[in-house]
Amino acid sequence: MSAEDLLDRYVAVWNEPDPAARRDAVAALWAPDGLHHTQTRRFRGTEELVARVTEAHDQFVGGQGLRFRSGGEPVGRPGALAFTWVMTPGDSENVLAVGFDVVLLDGEGRITSDYQFNEPPASDAGLDAQADRYLAAVAAGGEALRKEVADLYLPGAVLVDENGVHEGVEAVAAALEAGGARHRTGSASAQHDAFRHPWRAESGETGVDLLLRDAQGLVRAHYRFPGAGGRV
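Values in this document were obtained by computation on a predicted structure and should not be read as measured data. (Residues numbered from 1 in each chain as written. Predicted model: local features only at pLDDT ≥ 70, side-chain atom pairs only at ≥ 80, totals over all residues. Heavy atoms only, no water.)

Hey, could you run me through the pairing of strand β12 (residues 194-201) in this one?
Look at any regular strand and the pattern is simple: side chains alternate between the two faces of the sheet. The element β12 is extensively covered by neighbouring structure, given that seven of its eight residues are classed as buried. Counted between consecutive antiparallel strands, the loop separating strand β11 (residues 189-191) from β12 contains two residues, among which H192 sits at a positive phi close to 50°. Taken together, β12 and the strand that follows it, strand β13 (residues 206-213), pair antiparallel across an intervening segment of four residues, in which G204 is found at a positive phi of about 100°. (Buried < 20%, exposed > 50% of the residue type's maximum accessible area, 1.4 Å probe, protein only. Helix = DSSP H or I, 4+ residues; strand = E, 2+ residues; numbered from the N terminus. Pairing = 2+ DSSP bridges.)

What is the right way to read the packing of helix α2 (residues 19-29) against helix α3 (residues 45-64) from this model?
Packing of α2 against α3 leaves a shortest axis separation of 10 Å and a crossing angle of 125°. Comparing their axes, α3 and α2 come out oblique. Seen from above, α2 lies across α3 with right-handed handedness. Of the residues in α3, those in contact with R22, R23, V26 and A27 of α2 are T46, E47, L49, V50, V53, T54 and H57. Here the residues of the contact of α2 with α3 sort into five nonpolar, three polar and three charged. (Axes fitted to C-alpha atoms, helices over the stretch in contact; angles between N-to-C directions. Parallel < 35°, antiparallel > 145°, perpendicular 65-115°, else oblique. Left-handed = near helix turned anticlockwise from the far one by under 90°. Contact = heavy atoms within 4.5 Å. Nonpolar A, V, L, I, M, F, W, Y, C, P; charged D, E, K, R; others polar.)

Honestly, the packing of helix α4 (residues 125-140) against helix α5 (residues 142-152) in this entry has me stumped. Any pointers?
When two helices pack together, their arrangement is given by the angle between the helix axes and by the axis-to-axis distance. Where α4 meets α5, the axes come as close as 7 Å, and the angle between the chain directions of the two elements is 150°. Compared by their axis directions, α4 and α5 come out roughly antiparallel. On the side of α4, the interface is formed by R133, Y134, A137, V138 and A140, while α5 contributes G142, A144, L145, E148, D151 and L152. Among the residues making up the contact of α4 with α5, the classes are represented as seven nonpolar, one polar and three charged.

Even after reading the chapter, I still don't get the environment of M1, so can you show me in this structure?
Summarising the element assignment, M1 is placed in the segment before α1 (3-15). For the pair M1 and V95, spaced 94 residues apart in sequence, the C-alpha to C-alpha distance is 28 Å. Excluding its chain neighbours within four sequence positions, the residues that come into contact with M1 are L6, R9 and G109.

Honestly, the environment of A144 in this entry has me stumped. Any pointers?
Mapped onto the secondary structure, A144 falls in helix α5. Take A144: its relative accessible area is 43%, and that puts it in the partly exposed class. Taking the C-alpha atoms as reference points, A144 and V172, 28 residues apart in sequence, are found 14 Å from one another.

What am I meant to see in the nonpolar core here?
Here is a general trend for soluble globular proteins: nonpolar side chains tend to be buried in one another's company. Counting residues in hydrophobic clusters, the biggest one holds 23 residues, and the most contacted among them are Y10, W14, V26, W30, F68 and F83. When residues of this core are traced back to their parent elements, those giving at least two are α1, α2, α3, β3 (66-70) and β5 (80-89). Among the elements that line this core, the one with the most residues is α1, at six residues. Those residues in contact with F68, other than ones at most four positions away along the chain, are V11, W14, N15, F60, V61, W85, V86 and M87. If you look at the next biggest cluster of nonpolar residues, it comprises 20 residues, including A137, L145, A188 and F195. (Core = buried A, V, L, I, M, F, W, Y, C linked by side-chain atoms within 4.5 Å.)

Structure below.
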């Protein structure tokens, strides 16, 4: 299944008017114990996921005549997909709301975790400072970068970028350094174990990083999505 097909299925499930078809679509899209995260809530397993999708459908699609639509091309990585979605009045091009999701996938292409962010995120100086620390470490390079990675990442952490999967702090540091310096272009945001920030490279390329962190704030997985998170 292509990234575009998965995004089409994801958007369609929120618009599906038939309860039985909606349940079947949820069960096919998510793994049986799959997760969906919003800023303040978390849903696990088919029953909770069906209830979550139905709640959103009844409020926005059935209740207000709105429609969820793709906001552009998805960006895929091994085991992950990032994409933007929009909410519009029916088939109108008038965008009322924008969201950004990163979904993690199992070997069969089903969603194991879905992190949903509202756009634009509220400004938070503390979160922005954390993002700036990650980015400043890369700009420093060399031993300073390796020391920061050792302080900020778990020993077995992985970085997943356009060049593949890099495992362990030495490999992560080397991949970050090879990728070059980046600068934050908007507010960082966080929910549950996920931390997200947008960036611009010195080449002009833009994108989004998603970091998954443990209870102590150490990074266990870092996903880099060039081209993701652009304005609709």
